[in-house]
Amino acid sequence: MNIAIIFAGGTGERLKNGEDKTPKQFLKIHNKPIIVYTLELFQQHPEIDKIYISIHPDFYEYMTQLVKLYMIDKVAGIVNGGATGQDSIYNALKLAQKENSDDALVLIHDGVRPNITPEVISNNIECAKQNGNAITCTSCFETILISENGKNPKYVPYRKNTYAAQAPQTFKLGEVINAHETMRKTNPNYTDIVDTCTLFKTLNKETFMVKGNRGNIKITTIEDLYILRALIRYREDMEAFGIDGGKE
């Protein structure tokens, strides 16, 4: 069983402009909400069996309507998100655990990362089957600086050794829930735990990398919206001509 966990419980504070209070996952690109593009990628993938969504409580009913409107019939459940992204993921994982075995693979993915390729999903599943987990990454093209004070670089790692972690991040359902519950005992607010890869590394668990595609951006700023609009139009144009435009 391969399950997509889509977390979209945030309100997108960094993207809000003026009086518009719409969370970024519901902003429309070419008249379709961003989160629907994300869901459709997993809906259309032949190896994904189920989808669980964690959503902001104020938009639970709207999310339910979107799932019906766009016929995302792999959605097995929708749950209210929590105070943090990790809380939202945990809530969706616990819902999935009620209905699936602990050996099921869960692909944890941002609701505002709507441009992954089918190959990245497949490679995550294959890597997790072989190694127990998979972290989607891309190599960094720019130099990374490590700074503790925000003013002076303390350490500059070799660029060839630096990667950006993305999503999906794939784990066995039982193992990732155990990791969350271990962390929640000592760090209930998930302080400095920005994603599941960080959670596992903080608990000294080995993780394995899968190459991602560079179009797999997370929508955070206004500039990201413009980039996404262009990427989606490009992808749709390539599909119209029968060309795979999703590969890096």
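Throughout what follows, the structure given in this document is the object of discussion. (Residues numbered from 1 in each chain as written. Predicted model: local features only at pLDDT ≥ 70, side-chain atom pairs only at ≥ 80, totals over all residues. Heavy atoms only, no water.)

1. Side note on the nonpolar core
The nonpolar side chains of soluble globular proteins are, as a tendency, buried together.
Okay, step 1: Counting 28 residues, the largest nonpolar core has Ile 35, Phe 42, Ile 51, Ile 53 and Met 63 as the members making the most contacts within it.
Okay, step 2: At five residues, helix H1 (residues 34–43) tops the list of elements feeding residues into this core.
Okay, step 3: Filtering out sequence-adjacent residues up to four positions away, Ile 35 remains in contact with Ala 8, Gln 25, Phe 26, Ile 55, Met 63, Leu 66 and Gly 111.
Okay, step 4: The next biggest cluster of nonpolar side chains, apart from the first, holds 27 residues, and it includes Ala 96, Leu 173, Cys 197 and Leu 199. (Core = buried A, V, L, I, M, F, W, Y, C linked by side-chain atoms within 4.5 Å. Buried < 20%, exposed > 50% of the residue type's maximum accessible area, 1.4 Å probe, protein only. Helix = DSSP H or I, 4+ residues; strand = E, 2+ residues; numbered from the N terminus. Contact = heavy atoms within 4.5 Å.)

2. Some remarks on unusual backbone geometry
Okay, step 1: The omega angle of the peptide bond from Ala 167 to Pro 168 is 10°, so this bond is cis rather than trans.
Okay, step 2: Along the chain, Pro 168 turns up in strand S8 (residues 163–172).
Okay, step 3: Despite not being glycine, Asn 31 has its phi angle at roughly 70°, a positive value.
Okay, step 4: Looking at the element boundaries, Asn 31 is found in the loop between strand S2 (28–29) and strand S3 (32–33).
Okay, step 5: In this structure Asn 31 comes out as exposed when scored by relative accessible area, which is 61%.
Okay, step 6: One non-glycine residue, Tyr 190, lies in positive phi territory at about 55°.
Okay, step 7: Residue placement: Tyr 190 occurs in the loop between helix H5 (173–186) and helix H6 (196–202).
Okay, step 8: Relative accessible area serves as the criterion here: at 4%, Tyr 190 is assigned to the buried category.

3. Brief notes about the sheet that holds strand S9 (residues 209–211)
Okay, step 1: Strand order in this open sheet of seven strands is S5-S4-S1-S6-S8-S7-S9, and the pairing throughout is mixed. Every interior strand has two partners, whereas the edge strands, strand S5 (75–80) and S9, have only one. Strand-to-strand, the axes of this sheet are offset by a mean angle of 25°, without reference to chain direction.
Okay, step 2: Bridge analysis of strand S1 (residues 2–8) against strand S4 (residues 50–55) gives six bridges, and the strand direction is parallel. (Pairing = 2+ DSSP bridges. Axes fitted to C-alpha atoms, helices over the stretch in contact; angles between N-to-C directions.)

4. Remarks on the pairing of S4
Okay, step 1: Burial within S4 is extensive, with six of its six residues counted as buried.
Okay, step 2: Burial of S4 is two-sided: the residues Lys 50, Tyr 52 and Ser 54 facing one way and the residues Ile 51, Ile 53 and Ile 55 facing the other way are all buried.
Okay, step 3: Looking at chain direction, S4 and S5 are connected through five bridges and run parallel. Of the residues in S5, the one forming a bridge with Ser 54 is Val 79.
Okay, step 4: Handedness of the S4-helix H2 (residues 60–69)-S5 crossover: right-handed. (Right-handed = clockwise from strand over helix to strand, strands pointing away.)

5. Overview of the side chain of Thr 196
Okay, step 1: Inspection of the secondary structure puts Thr 196 in helix H6.
Okay, step 2: Residues within four places of Thr 196 in sequence aside, it is in contact with Gln 86, Ile 89, Ile 108, Gln 169, Phe 171 and Val 176.

6. Description of the packing of aromatic side chains
Okay, step 1: Under the defined criterion, the tally for this structure stands at three aromatic pairs.
Okay, step 2: Pairing Phe 26 with Phe 59 gives two aromatic rings, centres 5.1 Å apart and planes at 25°, and the pair type is stacked. Of this pair, Phe 26 sits in the loop between S1 and S2 while Phe 59 sits in the loop between S4 and H2, and the two are 33 residues apart along the sequence.
Okay, step 3: The interplanar angle of 45° and the centroid separation of 4.5 Å between the aromatic rings of Phe 171 and Phe 200 together place this pair among those described as tilted. A residue pair is termed long-range when its members are at least 10 positions apart, and Phe 171 in strand S8 and Phe 200 in helix H6 qualify at 29 residues. Grouping residues by exposure puts Phe 171 and Phe 200 together as buried.
Okay, step 4: Across the ring face of Phe 200, the terminal group of Lys 205 is positioned such that the distance to the ring centre comes to 5.8 Å. (Phe/Tyr/Trp six-rings, centres within 6.5 Å; stacked < 30°, edge-to-face > 60°. Lys NZ or Arg CZ within 6 Å of the ring centre and 35° of its normal.)

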